[in-house]
Amino acid sequence: MSIVWPILYAIFIWWFSTGIILLLNQRNPSTYKNTFWVSGMVLALALVGLKTSANLSTVAGAYCGFTCAILVWGWQEIGFLFGYVTGPRREPCPENCRGLQKMYFAFQTIQHHEIALVVLALAVTVMTWGGSNQTGFWTFIILWLMRQSAKLNVFLGVANLNERFLPNHLKYIFTYFTCKPMNPLLPLSVIGGVLCAIPLWLSAVHPSSSDFQVASMSLTGAILSLAVLEHILMVVPFSSERLWKWGMRS
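Keep in mind that what you see is a predicted model, and the values were worked out from it rather than measured. (Residues numbered from 1 in each chain as written. Predicted model: local features only at pLDDT ≥ 70, side-chain atom pairs only at ≥ 80, totals over all residues. Heavy atoms only, no water.)

Okay, the overall build of the chain next. If you tally the helices and strands in the chain, you get 8 helices and 0 strands. Listing each helix as α and each strand as β along the chain from the N terminus yields α-α-α-α-α-α-α-α. A compact globule built from 250 residues would reach a C-alpha radius of gyration of about 18 Å, and the chain, at 18 Å, matches this within 12%. For the chain, the C-alpha atoms occupy an extent of roughly 60 × 40 × 35 Å along the three principal directions. Within the chain, the proportion of its 250 residues that are buried is 48%. As displayed, the chain has an accessible area near 12,700 Å², and 71% of this comes from carbon and sulfur atoms. Across the chain, the centroid of the 15 positively charged side chains sits 5 Å from that of the 8 negatively charged ones. (Helix = DSSP H or I, 4+ residues; strand = E, 2+ residues; numbered from the N terminus. Rg over C-alpha atoms; globule rule 2.2 N^0.38 Å. Buried < 20%, exposed > 50% of the residue type's maximum accessible area, 1.4 Å probe, protein only. Areas by Shrake-Rupley, 256 points an atom, 1.4 Å probe, with all protein chains shown as cover. Lys, Arg positive; Asp, Glu negative; His and termini not counted. Charge placed at Lys NZ, Arg CZ, Asp CG, Glu CD.)

Structure follows, in structure tokens:
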């Protein structure tokens, strides 16, 4: 089996799902409640899909697990951007706030979001526990770990903060970020991501790998590689907002 189709599918899902969430966030706030309830039903179906696909060691099972993990991830993205799952602190960072105090205040702005991620990670683990197809589990774990890395990097300082990704009711969060060319963690994040991606790609192209293994390793390798790319885009002179211009019409 070729690795091309899983790679193209992962890129499309990454690009399209992000754009759809941004587009939903551009709508009138009066639509948020209904959209959030619908996303909750999608979340429930995605968890069922993870449970079902966990024992399907087939190409279709790999695609199903991957897609369901993305849908689970999408729920928390919507909940965060809509302002339903953020944190108890909803005000800008105080002036002259630095160091550990700033870190503590920054954590308070996303505290409920972090708890939701832990709960979702546990749910994904339960749904896939003991299954022969762990594509969904590893997809979610990769997204979770790389998102934590991204949060730390924007807190410590990067060149591109992508301010337009956050709606007006969350603009206060940007006061906890730091804009500067580079921070010491970012190179380590990129190198760590690359080192983790290498064995996935090697497994995907190994002659003895089954079609299922090729699909599973390619999908997880692609989403990890895209997460590494997102880290690189934080410090290069290119605005990633251009990739989702269609989802940020207003």
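Continuing now.
The next thing to look at is the pattern of salt bridges. A full pass over the atoms with the stated rule returns 3 salt bridges. With a shortest N-O distance of 3.2 Å, R89 and E91 are connected by a salt bridge. Between K151 and E114 there is a salt bridge whose closest N-O contact spans 2.4 Å. Remark: E114 occurs in helix α5 (residues 111-128) and K151 occurs in helix α6 (residues 135-156); sequence separation between them is 37 residues. We note that K151, like E114, is buried. (Salt bridge = Lys/Arg side-chain N within 4 Å of Asp/Glu carboxyl O.)

This brings us to the nonpolar core. Judged by nonpolar contacts, the single largest core of 62 residues is most densely connected at V72, F140 and I223. Going through the elements one at a time, α1 (4-25), α2 (32-53), α3 (59-81), α5, α6, α7 (185-205) and α8 (211-233) are the ones with two or more residues in this core. Sort the elements by how many residues they give to this core and α3 lands first, with 12 residues. Discounting chain neighbours no more than four positions away, the residues touching F140 are A69, V72, W73, L117, L120, A121 and V124. In terms of nonpolar packing, the next biggest core, distinct from the first, is built from 6 residues, C93, F105, A106 and Y176 among them. (Core = buried A, V, L, I, M, F, W, Y, C linked by side-chain atoms within 4.5 Å. Contact = heavy atoms within 4.5 Å.)

Before going further, it helps to examine the side chain of T220. With respect to the helices and strands, T220 occurs in helix α8. Here T220 falls in the buried class, since its relative accessible area comes to 3%. Beyond its immediate stretch of four places on either side in the chain, T220 contacts T135, W138, T139, I142 and L200.

Tracing the backbone shows T135 in helix α6. The class for T135 is buried, based on a relative accessible area of 1%. Those residues in contact with T135 that sit more than four places away from it in its chain are A62, F66, F212, S216 and T220.

Moving on, we get to the layout of surface pockets. The volume enclosed by the largest pocket comes to roughly 1,300 Å³. If you go around the largest pocket, you meet 46 residues; those closest to its centre are E77, R147, A150, K151 and M234. Looking at the lining of the largest pocket, the elements with two or more residues in it are α1, α3, α4 (99-109), α5, α6 and α8. Among the elements that make up the lining of the largest pocket, the one with the highest residue count is α6 (10 residues). For the lining of the largest pocket, the class distribution of residues is 31 nonpolar, 10 polar and 5 charged. In this structure, the second largest pocket spans a volume of roughly 350 Å³. In terms of lining, the second largest pocket is formed by 17 residues, of which the most central are S17, I20, I21, L71 and G74. If you list the elements that add at least two residues to the lining of the second largest pocket, you get α1, α2 and α3. Partitioned by chemical class, the residues of the lining of the second largest pocket number 12 nonpolar, 5 polar and no charged. (1 Å grid on protein atoms, 1.4 Å probe; cavity = no way out; pocket = protein on both sides within 12 Å on 5 of 7 lines; lining within 4 Å. Points joined across faces, edges and corners; volume = space filled by probe spheres on them. Nonpolar A, V, L, I, M, F, W, Y, C, P; charged D, E, K, R; others polar.)

A word on α7. Between its first and last C-alpha, α7 extends 31 Å over 21 residues, near the 30 Å set by a 1.5 Å rise per residue. By the burial criterion, the buried members of α7 are L186, S189, V190, G193, A197, L200 and A204. For α7, the secondary structure elements touched by its buried residues are α6 and α8. (Expected span 1.5 Å × (residues − 1).)

So, about unusual backbone geometry. Backbone geometry places N96, a non-glycine residue, at a positive phi of 65 degrees. For N96, the location among the structural elements is in the loop between α3 and α4. Judged by its relative accessible area of 67%, N96 is exposed.

Don't take any of this as a statement about function, it's just geometry.
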